[in-house]
Every structure is written in structure tokens, then in C-alpha cells.
Amino acid sequence: MQVPMADLRAQYLGMKAEIDRAVLEVLESAQFILGDRVARLETRIASYCGAKHAVGVASGTDALLLPLVAMGIGPGDEVITSPFTFVATVEVICLAGATPVFADIQPDTFTLDPASVASKITPRTRAIIPVHLYGQLASMTELRALAERYGLKIVEDAAQAIGAAQQGVRAGAWGDAAGFSFFPTKNLGAAGDGGMVTTDDEELAAKMRELRFHGSGGTYYYRSIGYNSRLDALQAAILDAKMNALEAWNDARRANAAYYREALAGLPLVLPIEVEGNHHIYHQFTVRVPKGEVDREALRGHLQARGVGNAVYYPLPIHLQDAYLRWSEGPGSLPESERAAEEVLSLPVYPEMTAEQRAYVADSVRSFFTGR
Ligand SMILES: *Cc1c(COP(=O)(O)O)cnc(C)c1O
């Protein structure tokens, strides 16, 4: 049996008629950039997340960059974030011209540790970017309290968290702005690149609409230096069709996670926790393979040999990456992030998995330890 980390073809075949119809409608309308379909998806996602506005952009990366630029964050400003993330979270801080400052993560959730964030605040700090890693929200109540006390903005990196919630409030409604990604393998994925920013701030939304369209303040008039970063109508139409399935997909991921939690109990692995009050959407089901006790590479090899997909998100924290060393205090400076990078292992949890496939994954993990 083969179990990949995601099965985008199965996802497409599961709703082929709706997607094909949506694509054909766009082709026939010949309205390809922005337009009604993008506007409709923006309204729908804003309302789904519980935010007042949403702005469709070209990628999840731009969905983090545009709010920073629109907030006027740039040279001389510091932005605190996690190094245990996909590179885009930190990249956008540098692209905006600001200085990334790394804080450490909480070992149980892999999300930003508010105490570490507090220790990194300086008079130059302007914003915090918490990452809702693997589909679980960071500790937003504590981070918001810090932001209020020090007058900081929060831009949620919600790329992995569409539909996730904390205290009943969804990702996208906690920060001053939040960036979502529609990269094909995300919980809501396009047939290409796409992203969306949510915010309650009307002025910020207007500024981001301007920025995504070359800084345009009207046809061929430019108020600011902007970007070409628009969501296109084909992607919006596909995403709109997939939105109908998002809740069911997230529930299927949660059911797979609940299954693994039982099937993998008792093994020398640390299973992911769902903090009380959190609605985790399991973009990834990520276990910790304790270093010094279990050989992660040997376990990976065993799974590979049995056709079980697995991945390490992420093998090297950003503060130890060549491109980011100049903003880093080097190895040992963020011990929880560094240990997580050495211990994490993600297993297939995608919604189209069959009961046989997930049982096979669990058996394969178990057999590594029992030798059967
Ligand atoms: C996917 C992802 C991004 C970037 O999204 P793109 O759409 O690929 O640009 C940013 N942050 C995190 C945590 C991600 O997982």
C-alpha cells in the first residue's frame, strides 16, 4: 500500500463536476483578474473567519507582506516571530525592510512562547507574527495582551489554519490582520498560488487593495509603490467551490488525528496536543520523536520502505539558515525551536485517506517499535 502526504488528485476527483463547472464559467466570462468571483470569495472568507474585510492576493507570502507594508512597517522597525516556521513568515519581514527578531516556541504546541516574545520587546518593536503551526492557534490571548501593553500590531500567519479557532474565535479574527495561503496542499488549496488577508480595519484593507494593484489610486494613477499581487478569478472560482467542503475536510483531518491518537498510544513518541479551547484543524499531524531515545531517520526509513509518506516540517529553524544568520544569535539561542527541528515528524492526515490507509500508517509506525 502507498500512502502519500497528500492526494490532490483524489481531492479533485471528489468534486470534479463542481470544479470543472466553476473553471468553465470563468473561461466563458473572460474575466480573469480580480472581478466578481474574487470579490465573492473575499466576502465569503471574511465572514467565515469572522473578520470584516478580506483581500485576495497572489500568495500566502504576499498575504503576510502586504499587511506589514500597509501598516507602514519598514526600516528601523523590529518584528518578533518564530524561527520554527516556513521561511515566508520571516522573509516578508526582511522584504518589508524591517528587522526580524526571533523568539522561541512552546515545546508542547510548537507555537510562539509569549514569555519569550515579552523578553524580546524593545522600543523599536512594531509587530508580532504568531504562526498557527500545523493548524493550531498560537496563544493569542497572551500575545494580544502583550501587543496591547506595548502598542504592537499582530499579523497572524494563518497559512496552515483556515477554520482553526481558539475560544470559538477563528484564525483571521484575532490579529490586526491575518494572512492565509491557498498553496495547493494547504487545507483550502487552489490549483496554483493564491492567498488572502483578513482584517477588521477598513483603511488597512483599502491600502492593501491599492498595494496589490501596483499602488493604484484609480486607472493609471498611482498613490504608492505597490506590487502585482492579485488573486485571479480561476483560483477564486475553484476556491469558492472547495469552500463548500472545507468544514467536512477539516473534520476528516480531526477524525484521522483522533484515530492516530488511539492507535499510536503507548509508543515512545510524543503525540500532538490540542490545547483546551483550541479547535485544531491538523494541517499536519506532527509527532515528536525523542532525540537520544528513538532514531528519527531510522523510523523515516522504515516508513519509506513501507510506502508511508512522512515529512519533517521543518528540519532547520530559520535563525540557523544561511540567509538569516545576520539576524540570529546562532545555535543554542532558541533551544526549543532547535530541539523541535531535530524531533518532529509529520504523518499523512489528509482528508481523502481511507480507513485502510490510516490503519496501515499506524501499523507501520507501530511495527518499527515492535519489530513486527
Ligand atoms: C504555506 C505557508 C506560507 C506561504 O504561503 P505561500 O502561499 O506558499 O506563499 C507562509 N507561512 C506558512 C506557515 C506556510 O505554511
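Reference entry: report on the structure contained in this document.

Rules used in this analysis
Residues numbered from 1 in each chain as written. Predicted model: local features only at pLDDT ≥ 70, side-chain atom pairs only at ≥ 80, totals over all residues. Heavy atoms only, no water. Buried < 20%, exposed > 50% of the residue type's maximum accessible area, 1.4 Å probe, protein only. Helix = DSSP H or I, 4+ residues; strand = E, 2+ residues; numbered from the N terminus. Pairing = 2+ DSSP bridges. Axes fitted to C-alpha atoms, helices over the stretch in contact; angles between N-to-C directions. Parallel < 35°, antiparallel > 145°, perpendicular 65-115°, else oblique. Left-handed = near helix turned anticlockwise from the far one by under 90°. Contact = heavy atoms within 4.5 Å. Nonpolar A, V, L, I, M, F, W, Y, C, P; charged D, E, K, R; others polar. Near = heavy atom within 4 Å. Polar contact = N/O pair within 3.5 Å; in protein donor to acceptor, adjacent residues only side chain to side chain. Areas by Shrake-Rupley, 256 points an atom, 1.4 Å probe, with all protein chains shown as cover. Core = buried A, V, L, I, M, F, W, Y, C linked by side-chain atoms within 4.5 Å. Expected span 1.5 Å × (residues − 1). Bend = angle between axes of the 7 residues up to and from the residue.

A closer look at the pairing of strand E11 (residues 285–288)
Now for step 1: Residues Phe285 and Val287 point to one face of E11 and Thr286 and Arg288 to the other, with burial holding for every one of them.
Now for step 2: With four bridges joining them, E11 and strand E12 (residues 344–347) adopt antiparallel strand pairing. Paired with Phe285 across the bridge in E12 is Leu347.

So, the packing of helix H3 (residues 36–49) against helix H9 (residues 233–263)
Now for step 1: Running from N to C, H3 and H9 cross one another at 25 degrees; their axes reach a closest spacing of 8 Å. In terms of axis orientation, H3 runs roughly parallel to H9. By crossing handedness, the relation of H3 to H9 is classed as left-handed. Seen from H3, the contacting residues are Arg37, Val38, Arg40, Leu41, Arg44, Ile45 and Tyr48; seen from H9, they are Ala233, Ala236, Ala237, Leu239, Asp240, Met243, Asn244, Leu246, Glu247 and Asn250.
Now for step 2: A per-class count over the contact of H3 with H9 returns ten nonpolar, two polar and five charged.

Considerations on the site of the ligand
Now for step 1: Near the ligand lie 14 residues; those nearest to it are Gly60, Thr61, Asp157, Ser181 and Lys186.
Now for step 2: For the ligand, a nitrogen atom lies 2.8 Å from a polar atom in the side chain of Asp157.
Now for step 3: In this structure, Lys186 approaches the ligand through a side-chain N or O atom, which is 3.1 Å from an oxygen atom.
Now for step 4: Computed on the free molecule, the ligand has an accessible area of 380 Å², of which 93% lies beneath the protein chains in the complex.
Now for step 5: Secondary structure elements with two or more residues in the shell around the ligand: helix H4 (60–70) and helix H5 (88–95).

Considering the nonpolar core
Now for step 1: Membership of the largest hydrophobic core comes to 41 residues, with the highest contact counts inside it found for Leu41, Ile45, Val117, Leu143, Ile162, Phe182 and Leu188.
Now for step 2: Elements supplying a minimum of two residues to this core: H3, helix H7 (140–150), strand E8 (177–181) and H9.
Now for step 3: For this core, the element with the most residues is H3, which contributes six residues.
Now for step 4: Sequence-distant contacts of Ile162, that is, excluding residues within four places in its chain, are made with Ile45, Tyr48, Phe180, Phe182, Asn187, Leu188, Leu246, Asn250 and Ile281.
Now for step 5: Leu269, Tyr314, Met353 and Tyr360 belong to the second largest nonpolar core, which has 35 residues in total.

Looking at H9
Now for step 1: The first and last C-alpha atoms of H9 sit 43 Å apart over 31 residues, in line with the 45 Å expected at 1.5 Å per residue.
Now for step 2: Its axis deflected by about 50 degrees at Ala245, H9 carries its strongest bend there.
Now for step 3: Taking the backbone nitrogen of Leu234 as reference, a side-chain oxygen 3.2 Å away marks Asp232 as the first, capping residue of H9.

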